[in-house]
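A closer look at the structure
The primary structure of each chain is shown beneath.
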Amino acid sequence: MSFCIKPLNKLILKLCGFKMDYTVPPEAHKCVMVFAPHTSMWDFVVGKMVLDVMGLRMKFFIRKESFRFPFGFILKALGGIPVDRQHVKQLPIHVGEQIKKEKEIAVLIAPEGTRKLAPVWKKGFYFIAQYAQVPMCLCYINWGEKTGGIGITIYPSGDYEKDLQQIQDFYRGMKGKHPDQFNL
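The rules behind each value
Residues numbered from 1 in each chain as written. Predicted model: local features only at pLDDT ≥ 70, side-chain atom pairs only at ≥ 80, totals over all residues. Heavy atoms only, no water. Helix = DSSP H or I, 4+ residues; strand = E, 2+ residues; numbered from the N terminus. Rg over C-alpha atoms; globule rule 2.2 N^0.38 Å. Areas by Shrake-Rupley, 256 points an atom, 1.4 Å probe, with all protein chains shown as cover. Lys, Arg positive; Asp, Glu negative; His and termini not counted. Charge placed at Lys NZ, Arg CZ, Asp CG, Glu CD. Phe/Tyr/Trp six-rings, centres within 6.5 Å; stacked < 30°, edge-to-face > 60°. Salt bridge = Lys/Arg side-chain N within 4 Å of Asp/Glu carboxyl O. Buried < 20%, exposed > 50% of the residue type's maximum accessible area, 1.4 Å probe, protein only. 1 Å grid on protein atoms, 1.4 Å probe; cavity = no way out; pocket = protein on both sides within 12 Å on 5 of 7 lines; lining within 4 Å. Points joined across faces, edges and corners; volume = space filled by probe spheres on them. Nonpolar A, V, L, I, M, F, W, Y, C, P; charged D, E, K, R; others polar. Core = buried A, V, L, I, M, F, W, Y, C linked by side-chain atoms within 4.5 Å. Contact = heavy atoms within 4.5 Å. Pairing = 2+ DSSP bridges.

Of regular secondary structure, the protein possesses six helices and seven strands. In sequence order, the secondary structure elements of the protein are arranged as α-β-β-α-β-α-β-α-β-α-β-β-α. Relative to its length of 184 residues, the protein is compact, with a C-alpha radius of gyration of 16 Å against a globular reference of 16 Å. Counting only C-alpha atoms and orienting by the principal axes, one finds that the protein spans roughly 40 × 35 × 30 Å. Carbon and sulfur atoms make up 59% of the accessible area of the protein, which amounts to about 10400 Å² in all. When the 26 basic and 16 acidic side-chain charges of the protein are each reduced to a single mean position, those positions are 6 Å apart.

Have a look at this one:
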């Protein structure tokens, strides 16, 4: 099935005017993929298409309420993991354990945590990477230039503020589908 989807996704992206970098760094096969900007469902859709073309085995989080019939089956098939926001404190450890068990897995996390304007990024993506001892690959969709791909790779140093500054500097100037919803 993926042999049909990859070329189709690549064609759709090209027809929509996107110029994607499909280079896959070696670290991307087992990492936390930090995804920004996340201002619209379309940011995720385009990003997922790019990562599918790259051939990455990707998982992503979405609130459990989205898994109601008939969408639950589709979301799970796409790599969705339901999240109960009432019990989110144990999530970094749970996900970190899952990453440790897998030989190859990329967990996609939007640190904004929502498509709405987020005044502060959530820290879970960092703690998951730190706990699982995997790098963070910074992936992006920049609607301003219609580009996307995987940018730099950062290993958690243990200094969250320093690492967050480097991560946010990478995303500075990028535009989501709804630019007014992206805040650094």
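A complete count under the given rule lists eight aromatic pairs for this structure. Here the aromatic rings of Phe44 and Phe60 are separated by 4.8 Å at their centres, their planes lie at 55 degrees, and the arrangement is tilted. With a gap of 16 residues between them, Phe44 in helix α2 (residues 41-54) and Phe60 in strand β3 (residues 58-63) connect regions that are remote in the sequence. Relative to Tyr160, the ring of Phe127 has its centre 6.1 Å away and its plane inclined at 20 degrees; by these criteria the two rings are stacked.

Our focus in this paragraph is the pattern of salt bridges. Side chains that carry opposite charge are capable of pairing whenever their charged atoms lie near each other. Summed over the entire model, instances satisfying the criterion amount to two salt bridges. A salt bridge links Asp52 to Lys48, with the nearest nitrogen and oxygen atoms 2.8 Å apart. Here Lys48 and Asp52 lie together in helix α2, a separation of four residues that amounts to about one turn. The partner of Arg172 in a salt bridge is Asp169, and the shortest N-O contact between them spans 3.3 Å. Judged by relative accessible area, Asp169 falls into the partly exposed class, the value being 42%.

This model, assessed by the stated rule, comprises one cavity of 30 Å³ or more. Within this model, the largest cavity holds a volume of roughly 40 Å³. Phe35, Gly47, Val50, Leu51, Cys139, Tyr140, Ile141, Gly148 and Gly149 are the residues that line the largest cavity. Counting only elements with at least two residues in the lining of the largest cavity, the list comes to α2, β6 (136-142) and β7 (147-154). Taken together, the residues of the lining of the largest cavity sort by class into six nonpolar, three polar and no charged.

Generally speaking, soluble globular proteins have nonpolar side chains that are buried together. Counting 27 residues, the largest nonpolar core has Val32, Val34, Ile99, Phe125, Met136, Ile167 and Tyr171 as its most contacted members. Contributing elements (two or more residues each) for this core: β2 (30-36), α4 (91-101), β5 (105-109), α5 (124-132), β6 and α6 (160-171). Among the elements that line this core, the one with the most residues is α5, at five residues. Discounting chain neighbours no more than four positions away, the residues touching Ile167 are Val34, Trp121, Phe125, Met136, Leu138 and Ile154. Counting 24 residues, the second largest nonpolar core, distinct from the first, contains Phe18, Leu51, Phe60 and Ile150.

Side-chain positions along a regular strand alternate between the two faces of the sheet. In this structure, β3 lies alongside strand β4 (residues 80-83), joined through four bridges in parallel fashion. Within β4, the residue paired with Phe61 across the bridge is Ile81.

Bridge count for strand β1 (residues 19-20) against β7 is two bridges, and the pairing is parallel. Following the sheet pairing, Met20 is matched in β7 by Gly148.

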